[in-house]
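Next come the chains, spelled out residue by residue.
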Amino acid sequence: MEHKQTINFGAGPAKLPASVLYQAQKELLQYSDTGISVLEMSHRSSDFNQILNKTTSLLRELLNIPDNYKVLMLQGGGCGQFSAVPLNLIGLKADRCADYLVTGTWSAKAAKEAEKYGKVNIVHPKLDSYTKIPDPSSWTLNPSASYLYYCCNETVHGVEYNFIPETNGTVLVCDMSSNFLSRPVDVSKFGLIFAGAQKNVGCAGVTVVIVREDLLGHSMKECPVILDYKQQADMNSLYNTPPCFSIYIMGLVLEWIKNNGGSAAMETLNKQKSTMIYDIINASNGFYVCPVEDGCRSRMNVNFRVGKKEGDEALEKKFLEGASKRGMISLKGHRSVGGMRASLYNAITLEEVEALATYMKEFMKEQQ
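Here's a quick rundown of the structure. (Residues numbered from 1 in each chain as written. Predicted model: local features only at pLDDT ≥ 70, side-chain atom pairs only at ≥ 80, totals over all residues. Heavy atoms only, no water.)

### A look at the environment of Gln-23
Stage number 1. Looking at the element boundaries, Gln-23 is found in helix α1 (residues 18-27).
Stage number 2. Gln-23 gets classed as partly exposed once you look at its relative accessible area, which sits at 32%.
Stage number 3. Ignoring anything within four residues of it in the chain, the contact list for Gln-23 reads Tyr-248 and Leu-252. (Helix = DSSP H or I, 4+ residues; strand = E, 2+ residues; numbered from the N terminus. Buried < 20%, exposed > 50% of the residue type's maximum accessible area, 1.4 Å probe, protein only. Contact = heavy atoms within 4.5 Å.)

Written out as structure tokens, the structure reads:
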């Protein structure tokens, strides 16, 4: 039976490059000449240490990470970091408070979690809907805040920052889970960056934390040891058994990114891909509607409704059915917002986005 090609527009876990899957398949039963699989390998072995060090070095190279930053490979996902960040950093200043920008579901969850450990200040007027980034002139930063936190790409609502917030010297913390390595970034502007790997740089299971060394050693006494950045940095992420296979997969993906031109090349491609879909939405005379303001539309997660501004349920159902027949999966929007969401992470090819663009044009023509 002929296998129909599937195009996975999932928001994460997401598509992995085909070459990475083939290599993992090839090495699954026996990694190098070890006689065993990475899945069976001791995290204390020299073989795994090579995998861990190679993955870390590739990340340092691709992001040009300065020497005074530690790279940690942890578990617990982005949600684990919603707790870890305040547990490690909210005590940097005596007032035990932090500034948060809340522009979507994930930053809202992070701010709510941080309230358990100190005072949280939302720096801008509350948003009616997560469709824009409040103008920095409307922000009120607290000079006593230990850090300013934001999520630079909100996966659920499709909102992405195209600038780095100015903090007036306060430590800047960023959740980059869904646009990590999709564009170049100046790490030196941040005190801490974290990202789940399962969107742009690997499979589920490993969370990268990049933290400036002077921020280590300030954790609250209540901080669980596995969330303590200093403890993990001192142990080279080996305080407990790390997600070994996920780190190995991430190493393969980072190698793929490097061989394909690095983060600058990813950015060029991601601009092309997202522009292709937004252009169709903009030219559709309201048949397709993106609720997000132009200046902060995400390159990673393109959200849109079909038929009208609030979406036509019957048409949206039909759109998904037609997409499925063409092998396109996971285009349904997050359950909290509805509509459509096409996630165009690094591994999604130009050809796959062209297939979606063609379908969108044909579907619109059929319905009008």
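### With respect to the layout of surface pockets
Stage number 1. Empty space within the largest pocket amounts to approximately 320 Å³.
Stage number 2. Ranked by residue count, the leading element in the lining of the largest pocket is helix α3 (residues 77-89), at four residues.
Stage number 3. A per-class count over the lining of the largest pocket returns eight nonpolar, 14 polar and three charged. (1 Å grid on protein atoms, 1.4 Å probe; cavity = no way out; pocket = protein on both sides within 12 Å on 5 of 7 lines; lining within 4 Å. Points joined across faces, edges and corners; volume = space filled by probe spheres on them. Nonpolar A, V, L, I, M, F, W, Y, C, P; charged D, E, K, R; others polar.)

### Some points on the sheet that holds strand β5 (residues 147-151)
Stage number 1. If you trace the seven strands from one edge of the open sheet to the other, you get β2-β10-β9-β8-β5-β3-β4, paired in mixed fashion. On the outer flanks of this sheet lie β2 (69-74) and β4 (119-122), each paired with one strand and no other. Ignoring which end each strand starts from, the neighbouring axes of this sheet average 20 degrees apart.
Stage number 2. Where strand β8 (residues 171-175) and strand β9 (residues 192-196) come together, three bridges link them in parallel fashion. Bridge pairing links Cys-174 to Ile-193 in β9.
Stage number 3. Running at roughly 130 degrees to β2, helix α2 (residues 46-63) makes contact with β2 and β10 (207-212) of the sheet.
Stage number 4. Contacting β2, β3 (97-100), β5, β8, β9 and β10, α3 runs over the sheet at an angle of about 160 degrees to β9. (Pairing = 2+ DSSP bridges. Axes fitted to C-alpha atoms, helices over the stretch in contact; angles between N-to-C directions.)

### Remarks on the pattern of salt bridges
Stage number 1. Taken as a whole and assessed by the stated rule, the structure comprises 15 salt bridges.
Stage number 2. Its salt-bridge partner being Lys-15, residue Glu-352 comes within 3.0 Å of it at the nearest N-O pair. Taken together, the residues span a long stretch of sequence, with Glu-352 in helix α9 (residues 350-367) and Lys-15 in the loop between β1 (7-8) and α1 at a distance of 337 residues.
Stage number 3. In this structure, the salt-bridge partner of Arg-297 is Asp-294, at a minimum N-O distance of 3.4 Å. (Salt bridge = Lys/Arg side-chain N within 4 Å of Asp/Glu carboxyl O.)

### What to know about the pairing of β10
Stage number 1. Most of β10 is tucked away, with five of its six residues classed as buried.
Stage number 2. Here β2 pairs with β10 via six bridges, running antiparallel. For Leu-74, the partnering residue across the bridge sits in β10 and is Thr-207.
Stage number 3. In this sheet, β10 lies alongside β9 in antiparallel orientation, the contact comprising five bridges.

### Some thoughts on the packing of aromatic side chains
Stage number 1. Within this structure, the stated rule accounts for 18 aromatic pairs.
Stage number 2. When the ring of Phe-287 is compared with that of Tyr-288, the centres are 4.9 Å apart and the planes differ by 80 degrees; the resulting orientation is edge-to-face. Exposure class is identical for Phe-287 and Tyr-288. Each is buried.
Stage number 3. Of the aromatic side chains, those joined through ring pairs into one cluster are Phe-82, Tyr-100, Trp-106, Tyr-147, Tyr-149 and Phe-194. (Phe/Tyr/Trp six-rings, centres within 6.5 Å; stacked < 30°, edge-to-face > 60°.)

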